[in-house]
Number of protein chains: 2
Amino acid sequence: MKYNQVTIKDIARELGISPSTVSRALKDHPDISPETKKAVNELAEKLNYQPNIVALSLRQSKTNTIGVIIPEIVHFFFSTVISGIEDVAYSAGYNVIITQSNESLQREKTDIKALFNSRVDGMLISLSRETSSFEHIDSILAKGVPMVFFDRVYDTPNASTIIVDDLSGAKEATQHLIDQGCTRIAHLEGPPNLGITKQRLEGYLEALKENNLPVIPELIVSCPLGTIEEGKLAAEKLLAMAQPPDGIFSTNDPAAMGAMQVIKDSGLKIPKDIAVVGFSNWFFSSLMDPPLTSVDQPGFEMGQEAAKLLIRQIEVKSKENIDPTPETKVLKTRLVVRNSSLKKGKK
Amino acid sequence: MKYNQVTIKDIARELGISPSTVSRALKDHPDISPETKKAVNELAEKLNYQPNIVALSLRQSKTNTIGVIIPEIVHFFFSTVISGIEDVAYSAGYNVIITQSNESLQREKTDIKALFNSRVDGMLISLSRETSSFEHIDSILAKGVPMVFFDRVYDTPNASTIIVDDLSGAKEATQHLIDQGCTRIAHLEGPPNLGITKQRLEGYLEALKENNLPVIPELIVSCPLGTIEEGKLAAEKLLAMAQPPDGIFSTNDPAAMGAMQVIKDSGLKIPKDIAVVGFSNWFFSSLMDPPLTSVDQPGFEMGQEAAKLLIRQIEVKSKENIDPTPETKVLKTRLVVRNSSLKKGKK
DNA sequence: ATCGGAATCGCATACGTTTGCGAATATTTG
DNA sequence: CAAATATTCGCAAACGTATGCGATTCCGAT
C-alpha cells in the first residue's frame, strides 16, 4: 500500500543534502555537525517522518517480529499466555504474529514454514496434541532460528523451554485429595503425546506411593482430547464400577467439569461422595457449582518469561553473533482450593 | 537475522544468467524460454528457494499483513473472532499481527500508530471501552488505510463495519423473559461509550413497550465495566428494593453470572423467583448452575466476515487504485435458551 | 604560505526483488 | 539474401535505509 509517507530522501532533497547525512543526523552520528542535525531533526519533526520499517528490516536482516504457534487461541490458558507475550514483546519493540495449529500436526508444519518465510526473528511454540515427530522443527532449528517452547515443549538440547512444574502440581493436588480423606482416587489422563500428560500422571502416582495407597489401573482413564465430553464419558465409566472412586484428579479443567456434571446428575454429592480437582484453573472454574479446586498455572507469567527469554536470545545472537545456550525455566504452580474438594472444610 | 537463505542471485550465478531472468522464469513470464524456465525451476526446487518476503514487501509497498486491535485477548468472544480472522487471513496469504488495547484509549492510540508504522495493508479494529474521541483513527483513515471495525464500531461513513444485530438480540431476549411471565425486568447496562450498550438497552426498552410494560428507571442498573463483581453489586442493589425484579437481562454474561451468584446466595431460586438472561454466550455459560440463557453472537463468523471484507478492500484498492466504498454487514444473533430463564418449561 | 589533521559530508553499494526498456540473437518473410 | 519480426535475455533503476570509505572544507600550527 502506498501511503506517500515522507522518506529520508524527501528530507535530504528539501535540505539540499544527501540521504546518508540525513540518516546519520537522525541517529546522532558524531560525524554530523550540530547545525545539520538540528535542521534535519526539525524538518523530520515537522513532516512527521517515520522510518519505513520494511526497508529497515531488509537492510538489517531483522524484522523485529516474533512468531507464535499455539494449539488454539480460544482456550483460556493460551490466550493468557499470549497476553503475557504481547506485554513484553511490545515494550521491547517487537511485533507478534500469531498462528494456531488447531491441534493439527499438518497445520503446525505449514505454520512454522510460513513464519520462517516471513523472516521472524524467533519463534515461541507450544506443540499440537498430534505432534510426535519433530523433523519440521529440527530443520528450522538447524538454520539457527531462535526458538522457545512453552508448556507443551519439545525436549531437545537445542532449544529453550519454559514449563510449569506439572509433576509437583499434580502431586500436590493428589496429596490434597488424600488429606481430605480420599483413598480411591481416579485420574483422568490427557493426550498421550504430551509431556505434560506424563508429568501429571507421574505426580499423581508419586503421591499415591508416598502415602502407601495402591495404584489401581482401572481408576486411570484416558481422555486423549481432554474435552468436557470425554470427562463425562470417563465419569460414567468410573461410576459404573463396583467400587467407584471417592476422588478424581483430572489432567485439565474441562474434563473435570464434564465429570462433575455426570456425578451431580447421578445424585452423588461433590465433594462429599466424590471430591474433584482439575488442572489449569480456567477462568470459569471458580464459577462452577461447587467451585472447582484446580492447579493454577501462571499463564501470563509464562508468556512473559518465554518472550523475555526469546528476545534475549535474539539479541545475543545478533550482537555477539553467537548461538546462545538454551535455558530451561520451571514455573511454580499453585493449588487453588475450592469447595469441589473440601470434604473436611478449610484447615 | 541472517539465515543464509538462497536468493534469486544465487540461482542466477549458478546458472550463469541474470537475476531478472530468474525472477521472470519463476513467475512464468512469457519472455523466457521453456528451457531456461525448466532449469531455473529445477534449481530453485533443489536449493529450496523461498522468496524473501521482506524484500517483496519493500518492492511492492505491500506487506500482506493485517493488523488487529482488540480490547483484550483473554475474552471468549474476542478470541473466537480472532480465530475467524486467522482462518480467512491465512488462506488468503496474509499474516495477522495482533495487539490489544487492554480497554485503554492511550494504548489504542499507540497500537494504531505502531501498526501503521509496520505498514500493515489494513486494520481490523474493535474499540476500547474508553474510546469516545476519534482523531487518532481519523488521521490514519485519512491516509487511505483500509479499515474494518467489528462489534464495537466507529460509526463513520469512511470505514466498513461489521456488527451483530444487538437491538434485535436484546429485544428477543427481553421478549423471552416476558413470555416466561416476567413483568418486572431489570437490565444490567454496559459501558456507556459503546454503541452496543445503547443498542442492547434500546432492544430491552422496545420489548417492554411493545408489551405495554412500564419502564422502571430503578431497574436499569449501570455496569460500566461489565465484570462479575459489578454484576454482584447490581444484584445486591436490585434485591434490596421494596419490589425486586422477577427477571434480569444483562448486557453480558459475566455480569449475569455475578448476579446469579448473589441471587442464589440470598436463597432465591433461579429461574423461579428471578429469571436471568445474558449476552454473548460465553463458553462457560452452559456450565453454570443453572445453565445460563444467553444471546449467542457468531464470533467466528464475525471474524471471517471482517477479514474477508478487509482483504477485499485491500485488493480493490491496490489493483484498481480506487477507494472502495465502505460496507456494513449485520450478523444475526441467536437466543440460546437454557434453564436460567425457563419458568414454564420449554414450549 | 604550507601542511596536517579534524570536522563534515557525499558516493557507492548493499539488502532481495521486480520491471520498463533496449539489446542481442534467432526466426520468418518477401 | 536482406530485411523485418519474434524470441530471449540483461541492464538499470527502483523500493527506503544504513554504512565503509573517500572527498572536501576549514582550522590552527608551523
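Everything here concerns the structure above.
Here we summarise the structure given alongside this text. (Residues numbered from 1 in each chain as written. Chains lettered and ligands numbered in written order. Predicted model: local features only at pLDDT ≥ 70, side-chain atom pairs only at ≥ 80, totals over all residues. Heavy atoms only, no water.)

### Some remarks on the protein's contact with DNA strand C
Near DNA strand C there are 25 residues, and of these T21(A), R24(A), S23(B), Y49(B) and R59(B) occur at the shortest range. Those atoms of DNA strand C that come within 4 Å of the protein belong to sugar or phosphate at a rate of 56%. Within the contact set of DNA strand C, a base oxygen lies 2.5 Å away from a side-chain nitrogen or oxygen of R24(A). Between DNA strand C and S23(B) there is a distance of 2.6 Å, counted from a phosphate oxygen to a side-chain nitrogen or oxygen. The leading source of residues in the surface near DNA strand C is helix α4 (residues 53–60) of chain B, at four residues. (Near = heavy atom within 4 Å. Polar contact = N/O pair within 3.5 Å; in protein donor to acceptor, adjacent residues only side chain to side chain. Helix = DSSP H or I, 4+ residues; strand = E, 2+ residues; numbered from the N terminus.)

### Quick notes on the interface of chain B and chain A
Counting residues at the interface gives 57 residues for chain B and 56 residues for chain A. Surface buried jointly by chain B and chain A totals about 5000 Å² across both partners, of which 61% is contributed by carbon and sulfur atoms. Scanning the region where chain B abuts chain A turns up two salt bridges. Of the charged contacts, one joins K264(A) and D289(B) as a salt bridge, the two residues approaching to 3.6 Å between their closest N and O atoms. Taken together, chain B and chain A are joined by nine residue pairs in polar contact (both at pLDDT 80 or more). At the level of elements, α4, α5 (76–91), β2 (95–100), α6 (105–117), α11 (253–265) and α12 (299–320) of chain B are the ones that each hand at least two residues to the side of chain B that touches chain A. For the side of chain B that touches chain A, the residue count by class is 27 nonpolar, 20 polar and 10 charged. (Contact = heavy atoms within 4.5 Å. Buried area = accessible area lost by both parts, 1.4 Å probe. Salt bridge = Lys/Arg side-chain N within 4 Å of Asp/Glu carboxyl O. Nonpolar A, V, L, I, M, F, W, Y, C, P; charged D, E, K, R; others polar.)

### A closer look at the packing of aromatic side chains
Summed over the entire model, instances satisfying the criterion amount to 17 aromatic pairs over all chains. Pairing W282(A) with F283(B) gives two aromatic rings, centres 6.1 Å apart and planes at 40°, and the pair type is tilted. Remark: F283(B) occurs in the loop between β9 (275–280) and β10 (293–296) and W282(A) occurs in the loop between β9 (275–280) and β10 (293–296); the pair is interchain, linking two chains. Given the relative accessible area of 33%, F283(B) is considered partly exposed. Residues W282(B) and F284(B) carry aromatic rings whose centres are separated by 5.3 Å and whose planes lie at 50° to one another, so their mutual orientation is tilted. Accessibility assignment for this pair places W282(B) and F284(B) in one class, buried. Above the ring of F279(B), the side-chain terminus of R200(B) is found at 3.8 Å from the ring centroid. (Phe/Tyr/Trp six-rings, centres within 6.5 Å; stacked < 30°, edge-to-face > 60°. Buried < 20%, exposed > 50% of the residue type's maximum accessible area, 1.4 Å probe, protein only. Lys NZ or Arg CZ within 6 Å of the ring centre and 35° of its normal.)

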